[in-house]
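Structure at a glance
Next come the chains, spelled out residue by residue.
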Amino acid sequence: MALGIPEMKTIHEMLSKSNEVYYNIPNYQREYSWGSVQLDDLWADLIDVAETGQTEHFFGQMVTNTADGGYDIIDGQQRLTTSILLLAAMRDTVSGFLKANLTDDEKYEIRRQKDTLNESYLINKTGKAKLRLPVENDVAVFMETLILNGSDKMDKEDNATANNLLNAYNYFMRHLKQYMTKENELIFGRHDQFQRVKNLIDVFTMSFKVIIINTESTKDGFIIFETLNARGKSLEEADLLKNLLLSFLENSSNEYALKWEHIFSVLERKSDATSRFIRAYWAFNEILLNSNKLYRSMKKSKKLSNVQDAVRIINDLDRLVEVYHALDKGKMSYFVDKELGRLVNIAHAGSIKTFHPIILAMYDHNFTEADIRKVMNKIIGVYVVNSFIIGETGNDLEKNVVKVAQNIKKEIDNDISAIIADLSRYQKREQVKTQIMAWTQDKWKPNATKGSFGHRTILAYMLDAEDNSDRQSIYDYCKRGSKFKIIRLTNGDFLTGDIVNRIGNFTLLEKSLPWDENWNLENKVKVLRRSDVIANRALSEQIMQWNAKRVIERNEHFADLTPILW
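Residues numbered from 1 in each chain as written. Predicted model: local features only at pLDDT ≥ 70, side-chain atom pairs only at ≥ 80, totals over all residues. Heavy atoms only, no water.

Our next topic: the confidence of the model for the chain. Averaged over all residues, the pLDDT of the chain is 85; the fraction at 70 or higher stands at 89%. Per-element averaging of pLDDT across the chain places strand β7 (residues 186-187) at the bottom with 62 and helix α15 (residues 356-364) at the top with 97. In this model residues 444-450 is a low-confidence stretch, pLDDT under 50, and it forms 10 contacts with partners more than four residues away in sequence or in other chains. (pLDDT = per-residue confidence, 0-100. Helix = DSSP H or I, 4+ residues; strand = E, 2+ residues; numbered from the N terminus. Contact = heavy atoms within 4.5 Å.)

So, in structure tokens, the structure goes:
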């Protein structure tokens, strides 16, 4: 590996000698992510150096790779991007003085300072920003405009990276204004304000220093990037995976960088969502792992050892990402099959995500949505029985679900009947009838979110089975923003022991209808009769004689339904 000799350079030396070159942020780099914590640290360091008169301040390291027309930033792009944004804010703060009532000599000095900031640090001879993103990155134009023109007429974007850039620029604009106008209770005039800003510019460009290491080889650049970031928390797992995949595609990286950009954009430019997606993909293709072990697994895998493997994986991810996003967000509109969309939305409402590898594997093998709907219905049945009723841990259930997904990939389960039979092997149906008899709301109190949804889902299936009118559906009961609430029919004054919390003493009622379990029975009858739920109207005829025997009978009825429903 051929590395250049490390050089210590000031910000001025690093940027002012690049009038004919660019600093490029390569495709494999992560998005700009500095927030208030990092910005506060930089600003505090700048003020400290300015006020204590230090002549040197170490600002970190940068690793670059010689590229066409300039240098690729291998490590340090967050720091460099922030530096450019600070300098742009300094330029625009200086420009503001041109509107003030100053002498011609003072305005001449201000123009010179503005031109120096632009020509030395921000803009090269071609009139383009010295720091640039790949053209295929949808934030590239936004960042170029911000560097060249500042934030005038720039609005918040529907993009986290663009907003991070704009927020950093605006942060510096605010802090520069506060710094130049007053210090404690001392208010400065316009001339002194300009001198205070000018002093900060000099301090940042002449006293802040970075160590720069340059390499001539792109391959060496990838290796250095990986070595610097594979350990510790400096990068998200998704960023390392992006680097790993694109490192195989040096000669055609732009084509596949565009596909990665599509993947990342669909997933709302969120690294954690990208990592979860690749984890689900790798689970049915290779092995189920925690996200923090995914990079190391893929790096060592024989299924990712050459260009062809990298092309196949990126193409697969590009093809499946919109399906995954629809599953992850419960987007009904993505699916042509409306009932499939409703089932996906129900799963999303219950934060059920570990089934994603199965559905991705089915799309990967071109199953129809009608077939996928049948499997999705079975999946929810498995979760209702194993998770909501039996109480199986999420990790155990996920391992079994992934085994089914891997069998789909291997074409062991090559049709719907085989997939459903495979899922049935892991569904604990033999225990469910006994468990539902003893199932109580209190069982789920340690996990209120799961408990509420689990309880509602079980009741939804039971009530739907008793209603042939199609007035309500399981989806209506379970969807996010459902108009139904869980109610307990009566309290412990009427029922003793755990009978009061058995599922037979609960139902789902419209949120628009009032309910108080402490009401007298006559009021409860009136409300239950107003409900559109058929089962509630039936309950209105029984509630006057409600007792432990009635609850147990209703529990037994629910238990008899379980083999039919799931």
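Past the structure itself, the notes keep going.
The next thing to look at is a negative patch on the surface. Judged by side-chain charge, D40, D41, D45, D48 and E51 come together as a negatively charged surface patch. Inspection of the secondary structure assignment puts E51 in helix α2 (residues 36-52). (Patch = residues over 30% accessible without salt bridge, like charges linked within 9 Å, V, L, I, M, F, W, Y side chains within 5 Å. Areas by Shrake-Rupley, 256 points an atom, 1.4 Å probe, with all protein chains shown as cover. Salt bridge = Lys/Arg side-chain N within 4 Å of Asp/Glu carboxyl O. Lys, Arg positive; Asp, Glu negative; His and termini not counted. Charge placed at Lys NZ, Arg CZ, Asp CG, Glu CD.)

Running from N to C, helix α13 (residues 307-329) and α15 point in directions that differ by 135°, and their axes come no closer than 10 Å. Relative to α15, α13 is oriented oblique. Considering the relative orientation of α13 and α15, their crossing is right-handed. From α13, D316, R319, L320, V323, Y324, L327 and D328 reach across to α15, where they touch H356, I359, L360, Y363 and D364. Taken together, the residues that form the contact of α13 with α15 break down as 7 nonpolar, 1 polar and 4 charged. (Axes fitted to C-alpha atoms, helices over the stretch in contact; angles between N-to-C directions. Parallel < 35°, antiparallel > 145°, perpendicular 65-115°, else oblique. Left-handed = near helix turned anticlockwise from the far one by under 90°. Nonpolar A, V, L, I, M, F, W, Y, C, P; charged D, E, K, R; others polar.)

Turning our eyes to something else, we now look at the packing of aromatic side chains. A ring pair, where both rings are aromatic, is described by two values, the distance of the centres and the angle of the planes. Scanning all chains against the criterion turns up 12 aromatic pairs. Seen from their ring centres, Y334 and F335 are 5.2 Å apart, and the 85° between their planes marks the pair as edge-to-face. In this structure F335 comes out as buried when scored by relative accessible area, which is 2%. (Phe/Tyr/Trp six-rings, centres within 6.5 Å; stacked < 30°, edge-to-face > 60°. Buried < 20%, exposed > 50% of the residue type's maximum accessible area, 1.4 Å probe, protein only.)

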